[in-house]
Amino acid sequence: MIRLLFPIWSGRQRLANLLRYCSKNSLLDQGVQVHAASLRMGFGFDLMLSNDLIEMYSKCGVMDTASLVFDRMTERNVVSWTALMCGHLQNGNARATLSLFFQMVFSCLKPNEYTFSTNFKACGILNVPEIGMKIHGMCVLTGFETVPVVGNSIVDMYSKCGRINEAVMMFNVLPVKNLISWNTMLAGYTLAGQGEKALLWFHRMLENGEIPDEYTLTTVLKTCSRLGKIREGSMIHGFLITSGFPCSGKAAIAGSLIDLYVKCGNLAEARRVFNQIGEQNVISWSALILGYAQEGNLAEAIELFKQLQNNSKQVDGFVLSSMMGVFADFALVEQGKQMHAYAVKVPSGSEISVSNSIVDMYLKCGLLDEAERLFNEMPARNVVSWTVMITGYGKHGIGKEAIRLFNQMQSNNIEPDGVTYLATLSACSHSGLIKEGEEYFSQLCRNRWVKPGIEHYACMVDLLGRDGRLKEAKDLIENMPLKPTVGIWQTLLSACRVHGNLQLGKEVGQNLLTLDGENPVNYVMISNIYAEAGYWKEYEQVREMAKAKGLRKEAGRSWVEIDKVVQFFYGGDDTHPMIDKIHQVLKEMERRMKEEMGYVHGVKFALRDIDEESKVESLRVHSEKLAIGLALCHGGWDEARVIRVFKNLRICGDCHDFIKCLSKIVKVVFVVRDANRFHQFKDGLCSCRDYW
């Protein structure tokens, strides 16, 4: 540890220099020594040194002490207030920043340009444009709007709050436009999901004579990735090469190029760029690893990760979290456990983001007890930690535990954000906690800092729809202050299907096709509601409309891990080498279920106007049944054990009934994770209580 020796002080300036050195290098222990020395020397109430102490403690993450220094000051200036605001912002407490700002204004002290820019950042983080507009008004009155750092911060604030039109208006009136101004608008369009406009803005920048920097190029390449614009991205790649831009030495750009080619399905080019990089760093490694994983090539992704470890590169928290996310999405519990063991051994493994990812991985793999244990052992938790656990409880159908955790989180002075409210409302919906869901939605609507978004309204539509209150759900959509999306109408259509309300379903279906007539999911949902009502002519018409447009829905697939190898199945799959044995086992299970429980197939879920025998055959080859059949072939069904199956779509009603009955006649517990939630089948019952 570095030790600072204190000779006889020549003056307060030397103390200030030492504090600034400690602040710059995050030397808390040494900073405390300087603090003690300043007190001994009679500088305890010195304004300049107190300001430096606030900054030092803030940079070292000790905000309680920074606030204590501030509170004990007998004199404060704008630097004092701004230093503490910056400290809170840097340590993730944007609300405290804004609270201090208004306290300062009420104390009749005038903000400076850094005070304004700091608070505009806070408004952007919290997504509170109303407060940002008030502060903007103060800038106009005091003349700070024309200061570049403030003007750019205003543009950034409006962009991050989704007010892109206001951001453009502010940009246009900036008296001085620098590269930061252009980059801020470029990022704003990207954040707003207006990728095409972001690319036009990039061309406008070049036409205006602006020379793009690393941030510009990284942003525009990410935009090309999201839009799948490989041609435009390749042109930018060519521009980098012809202009001599050292992209191989710029980690962020190299990583963005790899990500571009990966997202556009050109892994060969991504690998070529990776191999051309002079010195591969963690960013480029992670981009390629995640690319292979997202393409479903898990073997290559894991092999690359091993190479990364063997290359003696310092694996950072982002890579660990990302890899953990891959294992979570595919429910690869064995690989997840290995990654957990590795994370324990490296410094970055102790980062809170990594701990959150590990908890999330165990939850998504169905290991609730393990996730709870890790969550309880975490030395520090942030809002993400709590939200991950609340989401997990909700997906597992344990709504009351999710509510308990939400209340405990607030008792621990952790303020929920919009995602936390969404997780809690979703948990209420999955568990049928209607009254509680309405109460938390009302609480959200009254919240000063967090405003309900379209996802929160969709949760309420789902909650009301599941309870059969379809008219209330429709009224909520039509009267909410936000424009209805495809997703929220799909939620209502699902409720219409569950409750057999064909008339409202037809109306909602028309809204869906008007909003998005190119989405195959909409046609599938509409045709299914006709099929369940027995309107086969209308069913075929909707299917023909989708077929004429060349639309195909995502194929349903399920997977199960057998002896540390993941086996994938699609509906009707007959390619597995054990397919005959799988069918034999499934038929034997059906025979026993019929004899012992009177089980019959839910042929209405076949959704085809064909004979009963053909419907039964089509239901038998659903992907989740094939996965279960394979698992039963390995290990039998007379020993108590758990079989975990994972599916990319929502489980159908027939498969749900089938697995419930199956769990009654065998000693096996089945855990199925579908696109919506977890189902634990045991002794003829499901944890969802048939509410999914």
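So, how was this worked out
- Numbers given for residues are sequential positions, taken from 1 along each chain in its written order.
- It should be noted that, the model being predicted, local features are given only for residues of pLDDT at least 70 and side-chain atom pairs only at 80 or more, the latter also being counted only at that level, while totals for whole chains, interfaces and linings use all residues.
- Side-chain calculation: all heavy atoms of the structure are included, whereas hydrogens and water are not.
- Where helices and strands are cited, they refer to DSSP runs of H or I of at least four residues and of E of at least two residues respectively, numbered from the N terminus.
- Each radius of gyration is computed over the set of C-alpha atoms, and the globule rule expresses the reference value as 2.2 Å times the number of residues to the power 0.38.
- Between buried and exposed lies partly exposed: a residue is buried under 20% and exposed over 50% of the maximum accessible area for its type, with that area taken using a 1.4 Å probe on protein chains only.
- Between two residues, a contact is recorded if the distance between any of their heavy atoms is within 4.5 Å.
- Handedness is read with the strands pointing away from the viewer; a crossover is right-handed when the path from the first strand over the helix to the second is clockwise.
- One requirement defines pairing of two strands: DSSP has to find at least two bridges between them.
- Here the bounds of each domain stem from an automatic or database domain assignment.
- We call Phe, Tyr and Trp rings a pair once their centres come within 6.5 Å, taking the six-membered ring for Trp, and we label the pair stacked below 30 degrees between planes, edge-to-face above 60, and tilted otherwise.
- UniProt positions are given in the numbering used here, feature names are shortened, and annotations may be inferred rather than shown by experiment.
- Pairs of N or O atoms are called polar contacts if they sit within 3.5 Å, as long as, within protein, a hydrogen donor faces a hydrogen acceptor (for residues adjacent in sequence, only side-chain-to-side-chain pairs).
- In this analysis an axis means a line fitted to C-alpha atoms, helices contributing only their contacting stretch, and an angle means the value between N-to-C directions, from 0 to 180 degrees.
- The scheme is simple: roughly parallel for angles under 35 degrees, roughly antiparallel for over 145, roughly perpendicular for 65 to 115, oblique for anything else.
- Scored from 0 to 100, pLDDT records how confident the predictor is in each individual residue.

As named in an unreviewed UniProt entry, the chain is DYW domain-containing protein, taken from Gossypium laxum.

**Student:** So what exactly am I meant to see when it comes to the overall build of the chain here?
**Tutor:** From N to C terminus, the chain includes 36 helices and six strands. The C-alpha radius of gyration computed for the chain amounts to 29 Å, which stays within 12% of the reference 26 Å derived for 692 residues, consistent with globular compactness. Principal-axis analysis of the C-alpha atoms gives the chain an extent of 95 × 60 × 50 Å. Burial analysis of the chain (692 residues in total) assigns 51% to the buried set. Restricting the contact set of the chain to residue pairs at least 6 apart, pairs at least 24 apart contribute 63%.

**Student:** Would you take a moment to explain the pairing of strand β4 (residues 668-673) for this structure?
**Tutor:** Working note: regular strand, side chains alternate between the two faces of the sheet. In terms of burial, β4 is a largely internal element, six of the six residues being buried. Neither face of β4 is exposed, since Val668, Phe670 and Val672 on one face and Val669, Val671 and Arg673 on the opposite face are all buried. Once you follow strand β3 (residues 641-647) into helix α36 (residues 653-665) and on to β4, the crossover reads as right-handed. Sheet topology places β4 next to strand β5 (residues 678-682); four bridges connect them, and they run antiparallel. Looking across to β5, one finds that phenylalanine 670 is bridged to phenylalanine 681. Between β4 and β5, which follow one another and run antiparallel, lie four residues.

**Student:** Please explain the domain arrangement of the chain as it appears in this structure.
**Tutor:** A common way to report how large an interface is uses the accessible area buried once the components associate. We note that the domain assignment places domain 1 (5-140 + 150-159) and domain 2 (558-686) within the chain. Computed over C-alpha atoms, the centres of domain 1 and domain 2 are 61 Å apart.

**Student:** What should I look at first to understand the packing of aromatic side chains in this one?
**Tutor:** Geometry of an aromatic ring pair is reported as the spacing of the ring centres plus the angle between the planes. Tallying each qualifying case throughout the model produces 18 aromatic pairs. Arranged with centres 6.2 Å apart and planes meeting at 55°, the rings of phenylalanine 101 and phenylalanine 116 form a pair that is tilted. One end of the pair, phenylalanine 101, is in helix α6 (residues 94-106); the other, phenylalanine 116, is in helix α7 (residues 113-126), and 15 residues separate them in sequence. Phenylalanine 101 sits in the buried class, given a relative accessible area of 0%. For phenylalanine 116, a relative accessible area of 1% puts it in the buried group. An angle of 80° between the planes, with centres 5.3 Å apart, marks the rings of tryptophan 536 and tyrosine 539 as edge-to-face. Of the two residues, tryptophan 536 and tyrosine 539 are both situated in helix α32 (residues 536-548); the distance of three residues between them amounts to about one turn of the helix. The buried category is assigned to tyrosine 539, whose relative accessible area is 6%. Grouping aromatic residues by their ring pairs yields a cluster made of Phe101, Phe102, Phe116 and Phe144.

**Student:** Before we go on, may I ask you to explain the UniProt feature "repeat: PPR" (unreviewed entry) in the chain in this structure?
**Tutor:** Following the UniProt record, the feature "repeat: PPR" (unreviewed entry) maps to residues 77-111, 178-212, 281-315, 351-381 and 382-416 here. With 74% helix and 0% strand, residues 77-111 has end C-alpha atoms that lie 10 Å from one another. This span, residues 351-381, is 74% helix and 0% strand, and a straight line between its end C-alpha atoms measures 10 Å.

**Student:** What am I meant to see in unusual backbone geometry here?
**Tutor:** As a rule of thumb, non-glycine residues mostly have phi less than zero, and peptide bonds are mostly trans rather than cis. Residue serine 26 is not a glycine yet carries a positive backbone phi of 55°. Looking at the secondary structure, you find serine 26 in the loop between α1 (12-24) and α2 (28-40). On the accessibility criterion, serine 26 (45% relative accessible area) is partly exposed. For aspartate 683, which is not glycine, the phi dihedral falls at a positive 55°.

**Student:** Help me understand the side chain of serine 623, please; the structure alone is not making it clear to me.
**Tutor:** As for its position among the elements, serine 623 is in helix α35 (residues 623-633). In this structure serine 623 comes out as buried when scored by relative accessible area, which is 3%. At a separation of 2.8 Å, a polar atom in the side chain of serine 623 contacts the side chain of serine 558. With residues up to four places along the chain from it excluded, the contact list for serine 623 reads Gly556, Arg557, Ser558, Phe569, Tyr570, Gly571 and Lys647.

**Student:** Sorry if this is basic, but what is going on with the environment of phenylalanine 116 here?
**Tutor:** Separated by 87 residues in sequence, phenylalanine 116 and histidine 203 have C-alpha atoms that sit 31 Å apart. With residues up to four places along the chain from it excluded, the contact list for phenylalanine 116 reads Phe101, Pro111, Ile135, Met138, Cys139, Thr142, Phe144 and Val150.

**Student:** I keep staring at the pairing of strand β2 (residues 565-570) and nothing clicks. Help me out?
**Tutor:** Two strands pair when backbone bridges link them, and strand β1 (residues 557-562) and β2 are joined in this way by six bridges, in the antiparallel orientation. If you follow tryptophan 559 over to β2, its bridge partner there is phenylalanine 568. The antiparallel pairing of β1 with β2 creates a hairpin that spans two residues between the two strands, and aspartate 563 there sits at a positive phi of about 50°.

**Student:** Hey, could you run me through the packing of helix α33 (residues 579-597) against α36 in this one?
**Tutor:** Helix-helix packing is described using two parameters, namely the angle between the two axes and the distance between the axes. In contact at an axis separation of 10 Å, α33 and α36 are set at 80° when each is read in the N-to-C sense. Looking at the two axes, α33 sits roughly perpendicular to α36. Counting all contacts with α33, which are made through Leu586, Met589, Glu590, Arg592, Met593, Glu596 and Met597, the residues of α36 involved are Phe658, Cys661, Leu662, Lys664 and Ile665.

**Student:** I tried to follow the confidence of the model for the chain on my own but got confused; where do I start?
**Tutor:** Low pLDDT marks stretches whose predicted atomic positions should not be read closely. For the chain, mean pLDDT is 88; residues scoring 70 or higher make up 94% of the total. This stretch, residues 603-616, has a pLDDT under 50; its non-local contacts, to residues over four places away or in other chains, come to 26 contacts.

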